Amino acid sequence: MPISTLDAADAALLAEFNDAADEFAVLAAIDAHAAALLEGDSATRFAELPDNAGRQQAIGLGLKEIADLFGDFTSVAQLKLALEHQIAVEYAKHQFIGAMDAATTAEEMAAAITAHVDLLNEHRQALIAEWGAVAGNPAVAARVAELQAEDYTTVLNDVAARLGDSGFVGDLGASLLDARNALPGGKFFGDGKIIAALDAANDGPDAALLTAFNDAANETTILAAIDTYDASLLEGDSATHFRALPDDAGRQKAIALGVKEIADLFGDFTSVAQLKAALEHQIAVEYAKHQFISAIDSATTADEMAAAISDYAGTLNADRQDLIAEWGAVDGNPAVAARVAVLRASDYTRVLAEITAKLGDGPFLADLAAGVLAARNEMPNDKFFGDVKIIAALDAASNDAPTDISLSNATLAENTGTGAVIGSLTALDDDLGDTFSFKLLDDAGGRFAVQGDKLVVANGTLLDFEQATSHKIVVKVTDSIGASVNKILTLSLSDVLNESAVGSSGSDNLSGGTGNDNLAGGAGDDVLAAGAGNDKIDGGTGNDKLWGGLGKDTLAGGTGKDIFVFNTKPNKKTNLDKVTDFNVKDDTIWLENAIFTKLGRKGSETSPAKLNKKFFSIDGAKDRDDYIVYNKKTGVVSYDLDGSGAKKAVEIVTLKKNLKLTYNDFLVI
């Protein structure tokens, strides 16, 4: 809004500020219009500022600078906002100076630094960001450049970044107390001398820190220096990863050796930032090795071992190749050149590079993983406990001797009996007439076994087509001189239309298909799911769960507390089951609420809900919400969609007649 359109009072007020020749004229204008411009905290703080300390004068200078850079103030609101901001900034400085001059101990000085530096830095950085975003104003751009280069800006920013380092802040507090006490009157009396003292003192802790690393005699001394200065050097992932490394495995020691090697090869560290970057890199490399070792040592199957190799070998190789490339580009340093030559020739470098190049080769990776798993399981405690032995195992496992394993037959019917021979194992080897022995490293969860050169069924109850159509095993063949190779073989199951399956003495999970199946659980708490077809299911002993599925099934729970699940749409002609031995005392019927919708939405397989008492009726629906009806004369349990309404009930299952059935015998899932 042009000043000419304002009322006379506002126009006169703005003119006094816009026409002010210097900061003193601005301060006079503030005093003249204090009632219009100052209120609340701003009025209190402005009055509190001692003008002989220059803080009010700084406010006047700040307002004049804004007008000089950006043009006249065009509204009282704009002027008031600028004035309030200047007061907030200078009042924060006033509090900072007061706290620094009042501190009597190093601890109080450190507390003053911690309490105030962050806010002052925030004010300065916000100003630089705001003015730095202004386009097309050369004067503003020049002023931003000056602000960025000022000691006030750089020193506050450096100190603010390290306020979380209690050791650094403590040293800084002690140094500033000494510097202040050496001044006339034992006071700073302004932010200029404080910034100078902060700048000087800031170099002291850094010098001590760098000396501790540059003068370290060995890795033990380096680790001690890391412990001493961890607050200054370790943060975020680096701190977490360093502390997670088990030093009894040598990883922390390796970090220290890496840091010392850098200093030995390239000379002393000259800044904390340089040292910190080197340390963070060493931690990242050694933490990756730690993860690699842990993954390799914890793998229990060939697939897990392959995943461990695939997940980490490429990263470790990239770390090593990057190091060789970086150091290899250094000219005029014979020590570095010699170290690069050693790195290039090491087994660690060679093996990781070879393996990484073949990670996309599935058979190679599978063989490699099986070989490393076998090698590790032959170590004491079945662990490598370090990368040196892993690299040796990877190197050995990448050799081919014998070269292959074949199985004469890899297909069998589901539920094939325990002990049945599946096929013969054959090894391919360049040595004619050699003899071989076979063993399983992964028996697919106890499903298969090796007898001589024959692969046999170890547990036929686990061979269920409806649960898994194939299984992988890992076979190891060893020749007469101890050379071996491992191979993952896939065994495929064929579906038996009308299958018969008998459970073991344990808790089995048997599933039928589309035919007329006969499933018997045996002992244990079994889960028997028949699928489609007219099936016969017998739970046997134990607390079993029986799923009839589709078709007209005959279900028998046997002894124990059994559950009969009905989760398909009932149909008297095509989908009506019969339970021959339902025991009201022990057994339960589960009804799927997605099918029997009137029973409510509560309940799931993991958390079944009780059937509402009013939903159950004996011998016919008497009310509109009698949805589940048991006919004592026929033994039939029906679902009546509208209770006593006109719609006909649909039969779900036939039980024994005259059971003392109640709503408590039903749960909703």
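Residues numbered from 1 in each chain as written. Predicted model: local features only at pLDDT ≥ 70, side-chain atom pairs only at ≥ 80, totals over all residues. Heavy atoms only, no water.

As annotated in an unreviewed UniProt entry, the chain carries the name Cadherin domain-containing protein and is attributed to Microvirga brassicacearum. Looking at the Subcellular location (unreviewed entry) heading of the UniProt record, one finds this comment for the chain: "Secreted". (UniProt positions renumbered as here; feature names shortened; annotations may be inferred.)

This part covers the sheet that holds strand E6 (residues 454-457). Read across the sheet, four strands follow the order E1-E3-E6-E5 without closing on themselves; strand pairing throughout is antiparallel. Each edge of the open sheet is held by one strand with a lone partner, namely strand E1 (404-407) and strand E5 (448-451). Mean inter-strand twist for the sheet, computed between neighbouring axes without regard to direction, equals 30°. In the sheet, strand E3 (residues 421-428) pairs with E6 via three bridges, with the strands oriented antiparallel. When the bridges of E6 are listed, Val-421 appears paired with Val-456. (Pairing = 2+ DSSP bridges. Helix = DSSP H or I, 4+ residues; strand = E, 2+ residues; numbered from the N terminus. Axes fitted to C-alpha atoms, helices over the stretch in contact; angles between N-to-C directions.)

Turning to the pattern of salt bridges, a few remarks are in order. Taken as a whole and assessed by the stated rule, the structure comprises 27 salt bridges. With a closest N to O distance of 3.4 Å, Glu-90 and Lys-93 form a salt bridge. Of this pair, Glu-90 and Lys-93 are both found in helix H6 (residues 76-102), three residues apart, which corresponds to roughly one turn of the helix. Overall, the relative accessible area of 5% leaves Glu-90 in the buried class. Looking at Lys-93, the relative accessible area reads 10%, which means it is buried. A salt bridge links Lys-276 to Glu-235; its shortest N-O distance comes to 2.8 Å. (Salt bridge = Lys/Arg side-chain N within 4 Å of Asp/Glu carboxyl O. Buried < 20%, exposed > 50% of the residue type's maximum accessible area, 1.4 Å probe, protein only.)

With that settled, consider the sheet that holds strand E2 (residues 411-413). Strand order in the open sheet formed by four strands is E2-E8-E7-E4, with mixed pairing between adjacent strands. One side of each edge strand has no neighbouring strand; the edge strands of this open sheet are E2 and strand E4 (436-442). Between one strand axis and the next, the sheet turns through 35° on average, direction left out of account. Along the sheet face, helix H20 (residues 362-377) touches E4, strand E7 (470-479) and strand E8 (484-494) and points at about 115° away from the line of E8. (Contact = heavy atoms within 4.5 Å.)

Another point: unusual backbone geometry. For residues other than glycine, phi is negative in most cases, and the peptide bonds are mostly trans. Here the phi dihedral of Asn-381 falls at roughly 65°; this positive angle occurs in a residue that is not glycine. Within the fold, Asn-381 resides in the loop between H20 and helix H21 (387-397). Exposure remark for Asn-381: the relative accessible area of 63% places this residue in the exposed category. One non-glycine residue, Asp-619, lies in the positive phi region at around 55°. As for its position among the elements, Asp-619 is in the loop between strand E20 (616-618) and strand E21 (628-630). Accessibility expressed as a relative area gives 41% for Asp-619, which makes it partly exposed.

Here the structure, examined in full by the defined rule, presents six aromatic pairs. Relative to Phe-666, the ring of Phe-616 has its centre 5.5 Å away and its plane inclined at 40°; by these criteria the two rings are tilted. Of the two residues, Phe-616 is situated in strand E20 and Phe-666 in strand E24 (residues 666-668); the sequence distance between them amounts to 50 residues. When the ring centre of Phe-168 is taken as reference, the NZ or CZ atom of Arg-162 above it lies at 4.0 Å. (Phe/Tyr/Trp six-rings, centres within 6.5 Å; stacked < 30°, edge-to-face > 60°. Lys NZ or Arg CZ within 6 Å of the ring centre and 35° of its normal.)

Along the chain, the position of His-94 falls in helix H6. As for His-94 and Arg-55, which are separated by 39 residues in sequence, their C-alpha atoms are 7.2 Å apart. If we ignore the near neighbours within four places in the chain, the residues touching His-94 are Glu-48, Leu-49, Pro-50 and Arg-55.

Another aspect to go through is the pairing of strand E18 (residues 588-591). Side chains Thr-588 and Trp-590 project from E18 onto one buried face, and the interleaved Ile-589 and Leu-591 project onto a second face that is buried too. Pairing between strand E16 (residues 563-566) and E18: four bridges, direction parallel. Along E18, the bridge assignment pairs Phe-566 with Leu-591. Inspection of the sheet shows E18 paired to E24 by three bridges, in the parallel sense. The partner of Trp-590 across the bridge, within E24, is Leu-667.

It is worth spelling out helix H12 (residues 219-228) at this point. When we look at burial in H12, the residues that qualify are Glu-219, Ile-222, Leu-223, Ala-225 and Ile-226. Along the long axis of H12, the arc covered by the buried residues comes to 160°, so they all point the same way. Exposed positions of H12 whose direction lies more than 90 degrees from the buried face are Thr-220, Asp-227 and Thr-228. (Arc of directions from axis to C-beta.)

Split into domains, the chain comes out as domain 1 (3-201), domain 2 (216-396), domain 3 (404-494) and domain 4 (500-668). Of note, the centres of domain 1 and domain 4, computed from C-alpha atoms alone, are 80 Å apart. (Domains from an automatic or database assignment.)

Moving on: the packing of helix H7 (residues 106-132) against helix H8 (residues 138-149). The geometry of H7 relative to H8 is characterised by a closest axis approach of 9 Å and an angle of 155° between their N-to-C directions. Between H7 and H8, the interaxial angle falls into the category roughly antiparallel. For the pair H7 and H8, the sense of crossing is left-handed. Seen from H7, the contacting residues are Arg-124, Leu-127, Ile-128, Trp-131 and Gly-132; seen from H8, they are Val-140, Arg-143, Val-144, Leu-147 and Gln-148. Residue classes in the contact of H7 with H8 are distributed as six nonpolar, two polar and two charged. (Parallel < 35°, antiparallel > 145°, perpendicular 65-115°, else oblique. Left-handed = near helix turned anticlockwise from the far one by under 90°. Nonpolar A, V, L, I, M, F, W, Y, C, P; charged D, E, K, R; others polar.)

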